[in-house]
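# Structural description and commentary
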Amino acid sequence: MNQGHDVAIAVQLDGKLALDAEVKGACPHDCPDTCALVSTVASGRVVKVSGSKDHPSTAGVLCTKVSRYAERTYSADRLKTPMRRIGPKGSGRFVPISWDEALDEIAIKLKSIAARDPEAILPYNYAGTMGYVQGEFPQRFFHKLGASLLDKTICASAGSTGLLYTLGASVGMDVERFVDSKLIIIWGSNAIASNLHFWSLAQEAKRRGAKLIAIDPFKSDTALKCHEHIAIRPGTDAALAFGVIRELRQHGWLDQSYIDRHTLGSDLLFERAQSFTLERTAEICGISESQIASLARDYGSIKPAAIRLNYGMQRVRGGGNAARLIAGLPALIGAWRHPAGGMLLSSSGHFPGNPAGLSRPDLIPQLRASPSRLPRTINMSTIGDALLQTDQAIEAVIVYNANPLAVAPESAKVRSGFAREDLFTVVIEQFQTDTADYADILLPATTQLEHFDLHKSYGHRYLVVNEAAISPIGSARSNASIFRDLAKRMGWDEACLFEDDVTIAQSAIHWSDPRLAGMDLQSLRQQGWCKLAIDDAPFAQGHFPTPSGKVEFYSQRLADQGLDPLPDYLAPYESAESTPELAARYPLAMISPPARNFLNSSFVNVQSLRSIEGEQTCVMHPDDAFERKLVEGDLVSIHNDRGSLHARLHISDRTRQGLVVGFGIWWQKLTLNGNNVNAVTHQRLTDLGRAASFYDCLVEVSRPD
Ligand SMILES: Nc1nc2c(c(=O)[nH]1)N[C@H]1C(S)=C(S)[C@@H](COP(=O)(O)OP(=O)(O)OC[C@H]3O[C@@H](n4cnc5c(=O)[nH]c(N)nc54)[C@H](O)[C@@H]3O)O[C@H]1N2
Ligand SMILES: Nc1nc2c(c(=O)[nH]1)N[C@H]1C(S)=C(S)[C@@H](COP(=O)(O)OP(=O)(O)OC[C@H]3O[C@@H](n4cnc5c(=O)[nH]c(N)nc54)[C@H](O)[C@@H]3O)O[C@H]1N2
Ligand code: SF4
Ligand SMILES: [Mo]
């Protein structure tokens, strides 16, 4: 730790901002890396945001996006004052108003709706910031109100539910141990784009002799740099896992003593795997039999073997079951015995968080009236349908940390929903996004450089603190400060609705948990970050956080809900296999993974990053392009019954035949025809976790009419 840090933090803890300092921060974005930041402040202005050199996982490196965070923060497009809509919804025409006017108007409106039915009010928020304070504190306000609950399913809930029923929680390997793995399977993950700091570790492992295999329908930048690439058909990962399990068993590559001691239901699992012969698996997955056999041989013989599973493989109908099967693989070969063996999808379950202390469900009035009565739940992945439903219609929606107009599936319906004249919409934003255009009242939010927060991570095991480096730009206010003020205007007096940011952060964690090894918030603020004290190989002797303490191939909890207790392969909703008639009209599968220089729809408005991405592209296999008489650089329409978007055609054999890739997630208003990839995606939900199935989507591509 250098002297500059010490000086800056001393001033910070005093509650004042330093004019010249290096201030410790945390990247707020929805990214597994949760980098520790250092903001260099000169004369009260951040001149540089860099990665902390001391923080082991950040190691002084930031991605291109966040190294431009100062450009984003000081952008001329920042919202600087509250505004009221004057044009029609969606037109994006507003006039400035004062904070008092804005907040009074919101409070009056919410009070009058709540007097009739508080559940007609819906908070819509996701991971614009992952911070405990600016992300979760506002929920106290909505709990006190008795508003509808939001089912947060747009990203990871299929996979996390798969983990829950198999390993017991979102737990796994320490990402820092991958350097010692000898086999790394990068499964449904484009790490170079979306998990950069893991990629550095995988490359170090490669230099030390590890073999890297990517399983991905598209030859992503990551797959391109692995020793092997298995270009699986989207949505068929569960079949591949079954094929591997069958092979492991046939060849005696199982660790029977680990299986006997630390798993439940392996015989039933093997029985189910029996029908996944090499021939059938190859047929389902659209790959060769030898690829499956060789994957199983490597996995059964190279030790220690590690899987970096990521969320790209669970955005399909069978995503939850696929995650269940893949999470079960390491136990079959006893990989958990070694610190560099096992798997990692998310590490968030390792943190001793206190969700009830943070969001305070005890404030919910319905629950207070009757212990079994909760407000209704609205699934964020079907917000389009939810806003259009007439039965107990949603009358007000308050959006923060999210941009549903761009990121939610089946945009035509989302847009119609937000266009409802009778819907009262508040959007709290840093920029005038697609969603902001539909606001009745638009409020300016601070960025990570302007507020305090505390972060856990879903990719590593560090808690990271974010100190404010500068005062808010314009009259922007943090989410926490806005909801404190609104609570006052609602006439409420519960002390927890008015806590300051540091007190809120205090409530987010069980500080006495042994994993914190005596760390308190004050010391954490001095240090900037701390690593959880967890065994290097926590599951070497079993002790999984499931009810049985074992890896549950068979889940009694699923059986109790009337669901299949064993994982299975479920064909995609839209595919030649399950919907041949639809596939005849729309023969191409489309996936829409993130563009490297955007973060979901964040950064799309940062000119320098948008220039690198160019425009919305559509990557297509040469045979598919030839068949359609399309050539490189054509303007094409990607379409199905739900809508169409325009894209610039790029022809490449990096994609499979029958698969097109449209990188996301552009702001609708910055695209070629006002539509992004979600014009064609649908609102059907995954098998487990009720998640969006963005990558389960059939389309046709042609020249626009
Ligand atoms: N640069 C950048 N980084 C990001 C983001 C971003 O937008 N941009 N978003 C962040 C967020 S919110 C998240 S959730 C993560 C997402 O990052 P990941 O968890 O890595 O998931 P995706 O990027 O959706 O998909 C990863 C890979 O899975 C492949 N894939 C698609 N369908 C399938 C399938 O059926 N099976 C298999 N095996 N592979 C498939 C895709 O081609 C893609 O290359 O990244 C985070 N980091
Ligand atoms: N087709 C397709 N669609 C997808 C995906 C895909 O791969 N393909 N990926 C899905 C995934 S994985 C995810 S996670 C979702 C992401 O969906 P979202 O979580 O909605 O992510 P963003 O689009 O980045 O929007 C976050 C917004 O929060 C704002 N924000 C940031 N910090 C703050 C703050 O402190 N206060 C306030 N009030 N606002 C703030 C940002 O300016 C930004 O506009 O998208 C999903 N949509
Ligand atoms: S987006 Fe990810 S890689 Fe980039 S700075 Fe943030 S945490 Fe690090
Ligand atoms: Mo996500």
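Residues numbered from 1 in each chain as written. Chains lettered and ligands numbered in written order. Predicted model: local features only at pLDDT ≥ 70, side-chain atom pairs only at ≥ 80, totals over all residues. Heavy atoms only, no water.

### Focus: the packing of aromatic side chains
Inclusion rule: Think of it this way: a Phe, Tyr or Trp ring, Trp meaning its six-membered ring, pairs with another when their centres are within 6.5 Å, and the plane angle makes it stacked under 30 degrees, edge-to-face over 60, tilted otherwise. Whether a charge sits over a ring comes down to the Lys NZ or Arg CZ being within 6 Å of the ring centre and within 35 degrees of the ring normal.
Evaluation of the coordinates by the stated rule reveals 15 aromatic pairs. Three or more aromatic residues joined by ring pairs form one cluster here, namely Phe 141, Phe 142, Tyr 400, Phe 483 and Trp 492. Its guanidinium or amino end placed over the ring of Phe 603, Arg 72 lies 5.2 Å from that ring's centre, counting from NZ or CZ.

### Thoughts on the site of ligand 1
For the record, the criterion: Consider each residue's heavy atoms; a residue with any of them within 4 Å of a molecule or strand counts as near. Nitrogen and oxygen atoms within 3.5 Å of one another constitute a polar contact, given that in protein one can donate a hydrogen and the other can accept it, and given that sequence-neighbouring residues count only through two side-chain atoms. Areas reported as accessible are Shrake-Rupley estimates using a 1.4 Å probe. Residue values count occlusion only from the protein chains shown. Amino acid classes used here: Ala, Val, Leu, Ile, Met, Phe, Trp, Tyr, Cys and Pro are nonpolar; Asp, Glu, Lys and Arg are charged; the rest, including Gly, are polar.
Near ligand 1 you find 32 residues, and of these Asp 216, Asp 237, Phe 598, Asn 600 and Tyr 695 are the closest. Within the side chain of Asp 216, one N or O atom sits 2.5 Å away from an oxygen atom of ligand 1. Surface burial for ligand 1 is 98%, taken as the share of its 900 Å² of free accessible area covered by protein chains. Partitioned by chemical class, the residues of the shell around ligand 1 number 17 nonpolar, nine polar and six charged.

### Brief notes about the site of ligand 2
Around ligand 2, 32 residues are found, and the nearest of them are Val 407, Glu 429, Ser 601, Ser 602 and Tyr 695. Within the backbone of Ala 127, an N or O atom sits 3.3 Å from an oxygen atom of ligand 2. For ligand 2, an oxygen atom lies 2.9 Å from a polar atom in the side chain of Tyr 695. Considered on its own, ligand 2 offers 920 Å² of accessible surface; in the complex 96% of this is hidden by protein. Its residues placed into classes, the shell around ligand 2 shows 14 nonpolar, 14 polar and four charged.

### Quick notes on the sheet that holds strand E1 (residues 21-26)
Heads up, the rule is: Strands were regarded as paired on the criterion that DSSP finds at least two bridges between them. Secondary structure follows DSSP: runs of H or I at least 4 residues long count as helices, runs of E at least 2 residues long count as strands, and numbering of each begins at the N terminus. Axis angles are defined between N-to-C directions and span 0 to 180 degrees, where every axis is a line fitted to C-alpha atoms and, for a helix, only to the segment in contact.
The three strands lie next to each other as E1-E2-E3, forming an open sheet whose pairing is antiparallel. The open sheet has two edge strands with one neighbour each: E1 and strand E3 (45-51). Averaged over all pairs of adjacent strands, the angle between their axes in this sheet comes to 30°, without regard to strand direction. Here E1 pairs with strand E2 (residues 36-42) via six bridges, running antiparallel. Paired with Gly 25 across the bridge in E2 is Leu 37.

### Remarks on the nonpolar core
What counts, and what does not: Think of a nonpolar core as a cluster: buried Ala, Val, Leu, Ile, Met, Phe, Trp, Tyr and Cys residues, connected wherever their side-chain atoms sit within 4.5 Å. Burial status follows relative accessibility: with a 1.4 Å probe on protein chains alone, a residue under 20% of its type maximum counts as buried, one over 50% as exposed, and anything between as partly exposed.
If you look at the biggest cluster of nonpolar residues, it comprises 121 residues, and the most contacted ones within it are Tyr 124, Trp 187 and Leu 240. Of all hydrophobic cores here, the second largest spans 54 residues; its members include Ala 147, Ala 396, Val 426 and Trp 511.

### Here's the deal with the pairing of strand E25 (residues 643-651)
Strand direction decides the pairing type here: strand E23 (residues 617-620) and E25, joined by four bridges, are parallel. Across the sheet, Met 620 pairs through a bridge with Ile 651, a residue of E25. Counting the residues that bridge the hairpin from strand E24 (residues 635-640) to E25 gives two residues.

### Quick notes on helix H9 (residues 196-207)
Let me state the cut-off plainly: A helix is expected to reach a length of 1.5 Å times the quantity of its residues less one. Throughout, a residue-residue contact means that at least one pair of heavy atoms, one from each residue, lies within 4.5 Å.
With 12 residues, H9 extends 17 Å from end C-alpha to end C-alpha; this agrees with the ideal 16 Å at 1.5 Å per step. Listed in full, the buried residues belonging to H9 are His 197, Phe 198, Trp 199, Ala 202 and Ala 205. Those residues of H9 that are buried lie in contact with strand E8 (183-187), helix H8 (191-194), strand E9 (211-215), helix H10 (221-224) and strand E12 (305-309). Backbone geometry just downstream of H9 places Gly 209 in the positive-phi region, at approximately 105°.

### A word on the pattern of salt bridges
Opposite charge on two side chains permits them to pair, given that their charged atoms come into close proximity. Note the following rule: One side-chain nitrogen of Lys or Arg within 4 Å of one carboxyl oxygen of Asp or Glu is enough to make a salt bridge.
By the definition in use, this model includes 45 salt bridges. Salt-bridge contacts for Arg 207 lead to Glu 204; the nearest nitrogen and oxygen are separated by 3.0 Å. One end of the pair is Arg 207 and the other is Glu 204, both in helix H9 and three residues apart, which spans about a single turn. Arg 207 sits in the exposed class, given a relative accessible area of 61%. Between Glu 615 and Arg 648 there is a salt bridge; the shortest N-O distance is 2.8 Å. Pair noted here: Glu 615 is in the loop between helix H27 (607-613) and E23 and Arg 648 is in strand E25, with a separation of 33 residues, a long-range link.

### Side note on the sheet that holds strand E18 (residues 453-455)
Here three strands make up an open sheet; going across it, the order is E18-E19-E20 and the pairing antiparallel. Since the sheet does not close on itself, it has two edges, and those belong to E18 and strand E20 (529-531), each with one partner. Shown here is a sheet whose adjacent strand axes are inclined to one another by a mean of 10°, direction ignored. Relative to strand E19 (residues 462-466), E18 runs antiparallel, the two being bridged by three bridges. For Asp 453, the partnering residue across the bridge sits in E19 and is Asn 466.

### Details of the environment of Glu 494
By the secondary structure assignment, Glu 494 is in the loop between helix H22 (479-489) and helix H23 (501-507). Residues Glu 494 and Leu 163, 331 residues apart in the sequence, show an inter-C-alpha distance of 37 Å. Discounting residues that sit within four places of it in the chain, Glu 494 has contacts with Lys 144 and Leu 363.

### Some thoughts on the packing of helix H6 (residues 138-145) against H22
Applied cut-off: With respect to orientation, any angle under 35 degrees is reported as roughly parallel, any angle over 145 as roughly antiparallel, any angle of 65 to 115 as roughly perpendicular, and every other angle as oblique.
Packing of H6 against H22 brings their axes to within 8 Å, and their N-to-C directions diverge by 30°. With respect to their mutual orientation, H6 and H22 come out roughly parallel. Along the contact surface, H6 presents Pro 138, Phe 141 and Phe 142, while H22 presents Asn 479, Phe 483, Leu 486 and Ala 487. Here the contact of H6 with H22 is composed, by residue class, of six nonpolar, one polar and no charged.

### What about the side chain of Ser 555?
Looking at where Ser 555 falls in the secondary structure, it is placed in the loop between strand E21 (551-552) and helix H25 (556-560). You can call Ser 555 buried: its relative accessible area is 0%. Discounting chain neighbours no more than four positions away, the residues touching Ser 555 are Tyr 165, Arg 324 and Pro 565.

### Some thoughts on the side chain of Asn 675
Following the sequence through the fold, Asn 675 ends up in the loop between strand E26 (659-661) and strand E27 (698-702). The exposure class assigned to Asn 675 is buried, which follows from its relative accessible area of 16%. Leaving out residues up to four positions away in the same chain, Asn 675 has contacts with Arg 415, Ser 644, Leu 645 and Gln 668.

### Examining the packing of helix H11 (residues 237-250) against helix H13 (residues 266-273)
Interaxial distance between H11 and H13 falls to 9 Å at its minimum, and their mutual angle equals 110°. Between H11 and H13, the crossing angle belongs to the class labelled roughly perpendicular. Between H11 and H13, the residues in contact are Phe 242, Ile 245, Arg 246 and Arg 249 and Leu 269, Phe 270, Arg 272 and Ala 273, respectively. Split by residue class, the contact of H11 with H13 holds five nonpolar, no polar and three charged.

### Description of the confidence of the model for the protein
Applied cut-off: Along the chain, pLDDT gives the predictor's confidence residue by residue, from 0 to 100.
Taken residue by residue, the protein gives an average pLDDT of 96. The fraction at 70 or more is 98%. Confidence over residues 1-11 falls short of pLDDT 50; this stretch has 20 contacts with residues more than four positions distant or in other chains.

### Considering a negative patch on the surface
Formally: Put simply, a patch holds well-exposed residues, over 30% relative accessible area, that have no salt bridge, with like charges counted together within 9 Å and Val, Leu, Ile, Met, Phe, Trp or Tyr side chains within 5 Å. Counting rule for charge: Lys and Arg are taken as positive, Asp and Glu as negative, and neither His nor the chain ends is counted. The atoms used to mark charge sites are NZ of Lys, CZ of Arg, CG of Asp and CD of Glu.
On the surface, Glu 279, Glu 283, Glu 289 and Glu 577 cluster together into a negatively charged patch. Within the secondary structure, Glu 289 is located in helix H15 (residues 289-301). Given the relative accessible area of 39%, Glu 289 is considered partly exposed.

### Re helix H21 (residues 411-418)
Quick reminder of the rule: To be clear, the arc concerns the directions from the helix axis to the C-beta atoms.
Three or more residues of H21 are buried, namely Ser 411, Val 414, Gly 417 and Phe 418. One side of H21 carries all its buried residues, which in axial view fall inside an arc of 125°. Against the buried residues of H21 lie helix H19 (383-388), strand E15 (396-400), helix H20 (404-407) and strand E16 (424-429).

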